[in-house]
Amino acid sequence: MEHGAKSRYEIPVLIAVVTLTLVIYVARHAEWFGYLQLSAGLSLILMLLVAGSLIWILIRTLDGNPAGRRMVFLYVAVAVVLPLSMQLTQKIEVTPEVNQLYRGLQALPHGAKVLATFDYDPGSAAELQPMAETFFKYAFDRGFKVIIMGLWPQGPAQANMALTKVLSEERYKVKSLRYGVDYVNLGFQSGNEFVIQRMGGEFKSMFPTDYNGTPYDSLPIIRNVKNFSNIDYSFNLSAGYPGTKEWVLVGVDQFGFKMGAGNTAVQTTGMYPYLRSGQLIGILGGMSGAAEFEEITKYRGKGTKFMLSQSFSHVVVVVFIIIGNVAYIMFERGRATEKKKKA
Amino acid sequence: MRRDIPLLITGIAGVVFIVQYFIPHFPFNRFSNWFSDWFSIVAACAIWLGALNLFKLSLEKIHARREGWGYAVITIVCFLLMTVVGFSEGRDYSKVGTGFDWLYNYVYSPLSSTMFAILAFFVASASYRAFRARNFEATLLLIAAFLVMLGRVPIGDLLSGFMPPGMRLSQLATWIMQFPNTAGQRAILIGISLGIVSSSLRLILGIERSYLGGD
């Protein structure tokens, strides 16, 4: 029965998704989204309406009609999509761990060699790509020499996406940054921790050529880089294994270079022991970390823009958990009363 | 013989890596590099093995017309498309503006992001249905979750702006992350590390043989 119901919905849902995608595609190219900006007043009215409807759901729950999961999906969608058009601003407070990372970067001299490792795929790009873009902007403005690599196959491609975006900005176009001189992408190498281990001896052993197949020694930026001892700082963006933990355990502990990291929100909690012990200089946690990094570097971008959606969706989830608990308490009370009656 | 050789390789590689950590000089560093290179080669082959296995399983699914075989067709078509486009562009496949790059940016990347984005809906739904204050510990977890969820976003400070400094949601969330969370994570890390040490020793000494398969 369940499978039958699923099959009945599959085609209409597919048509709806394709139609919506086409509409968004046309709207984006026709720049319709520019007209969809909601003023601060209208945004507040909409937020009050959403809040009112959540109170109504709470009242219905108290009456014994709890909301179904589709209602939760709808509210999460509204909480994520609606704020994208709102012209509301929020004050972003910078946490100590982001501040620490920034101070670590600030202490580097002009022309410092920075190893940027991209260990994530497009699935985590929403959280990590804004960090990557901000990092590149900061690095290029400070004149750092950026060496990119990845322990995930998709990592170097993600780095290229961020690079393309940053380098297309007028501010960086005029700098005439040169590939192989100011930055280089060494690409992906399989082998997880063993790649880090081997790089401790010689980078070239793991990356005889760069991402485009250019021999290692013909690239001026890395010609004199033998191993980690020639690197001033390492910045890791990671979404899992292999990632920050492996870089700390195999790289930082064994070869002693300085490292800061940007992680997905779920991964960040596990990195705090390394932060507190000083093995990590600083950490950017999830999209809020990206927004804080943008705030402290003054390069406001996607992280800052999406924080309103994140704020809104967190509140919605918290409210639904409260509603769920209200329903649970009512159910438990009802059961206890029934038991008493039976007794 | 079929079991002895893998056991010997495991034992020697394990001992070499342990010794190399404490004595990173000749000959141990040379052996360590040698094993690391082999690991990279084996890992690269494993990627191919995984891809071919996916191809084989999808073909079997289509042949047997098992449930969801249509998705297997899409898997194979996409797999072949990426492979053919990638190979047809030779060494330049990864450069910006190539067909492979276009497929990565406009097909793979949005699809992968969409799959991850769906998680937000399931997490919200699961939290609504399962995150209950059933007992003291669960209530404590629930309160901590509320504080972190609201404290990690700017709206947290807006909601707790009336509180005295040090008691605002962002500061409470930072405190939870830096102290109770770190303490808990450390305990977990120490436990995991001890487990890894013991199971590694069992592997190196040949006591643990389940990875060889069979009995």
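See the structure above.
Reference entry: report on the structure contained in this document. The shown structure was predicted, so the numbers you read here are calculated from the model rather than taken from an experiment.

Thresholds applied
- Residues numbered from 1 in each chain as written.
- Chains lettered and ligands numbered in written order.
- Predicted model: local features only at pLDDT ≥ 70, side-chain atom pairs only at ≥ 80, totals over all residues.
- Helix = DSSP H or I, 4+ residues; strand = E, 2+ residues; numbered from the N terminus.
- Buried ≥ 20, exposed ≤ 12 C-beta atoms within 10 Å, placed from the backbone.
- Contact = placed C-beta atoms within 7 Å.
- Expected span 1.5 Å × (residues − 1).
- Bend = angle between axes of the 7 residues up to and from the residue.
- Pairing = 2+ DSSP bridges.
- Axes fitted to C-alpha atoms, helices over the stretch in contact; angles between N-to-C directions.
- Nonpolar A, V, L, I, M, F, W, Y, C, P; charged D, E, K, R; others polar.

### Regarding the overall build of chain A
- Scanning chain A from terminus to terminus reveals 15 helices and 6 strands.
- Each principal axis of the C-alpha distribution contributes one length, and for chain A these read about 80 × 55 × 45 Å.
- Each of the 343 residues in chain A was classed as buried or not, and the buried ones make up 43%.
- Considering only intrachain contacts with a sequence separation of at least 6, the fraction spanning at least 24 residues in chain A is 75%.

### Here's the deal with the environment of B:S88
- Within the secondary structure layout, B:S88 lies in helix α3 (residues 69–88).
- It is 9.4 Å that separates the C-alpha atoms of B:S88 and B:G99, two residues lying 11 residues apart in sequence.

### Observations regarding helix α15 (residues 302–342) of chain A
- For α15(A), spanning 41 residues, the distance from its first C-alpha to its last is 59 Å, which sits close to the expected 60 Å at 1.5 Å a residue.
- By the largest-angle criterion, A:L308 marks the main kink of α15(A), which is about 30°.

### Thoughts on the sheet that holds strand β3 (residues 183–188) of chain A
All names here are of chain A.
- Pairing is parallel across the open sheet formed by 6 strands, whose spatial order is β3-β2-β1-β4-β5-β6. This sheet does not close on itself; its edge strands, each paired only once, are β3 and β6 (283–285). Neighbour-to-neighbour, the strand axes of this sheet turn through a mean angle of 15°, independent of strand direction.
- Against the sheet, helix α4 (residues 96–106) touches β4 (233–238), β5 (259–263) and β6, its axis set at about 135° to β6.
- Seen against the sheet, helix α5 (residues 125–141) touches β1 (113–119), β2 (145–150), β4, β5 and β6 and runs at an angle of roughly 160° to β4.

### A look at the interface of chain B and chain A
- Every contact between the two is made by 47 residues of chain B and, on the other side, 50 residues of chain A.
- Secondary structure elements with two or more residues in the side of chain B that touches chain A: α2 (28–63), α4 (99–130), α5 (136–151), α6 (154–159), α7 (169–178) and α8 (180–204) of chain B.
- When residues of the side of chain B that touches chain A are assigned to their parent elements, the largest contribution, 15 residues, is made by α4(B).
- Its residues assigned to classes, the side of chain B that touches chain A shows 23 nonpolar, 17 polar and 7 charged.

### Some remarks on α5(A)
Residues and elements named next belong to chain A.
- The end-to-end C-alpha distance of α5, which contains 17 residues, comes to 23 Å, matching closely the 24 Å that a straight helix rising 1.5 Å per residue would cover.
- A large share of α5 lies buried, amounting to 15 of its 17 residues.
- Just downstream of α5 lies G143, where phi reads positive at about 75°.

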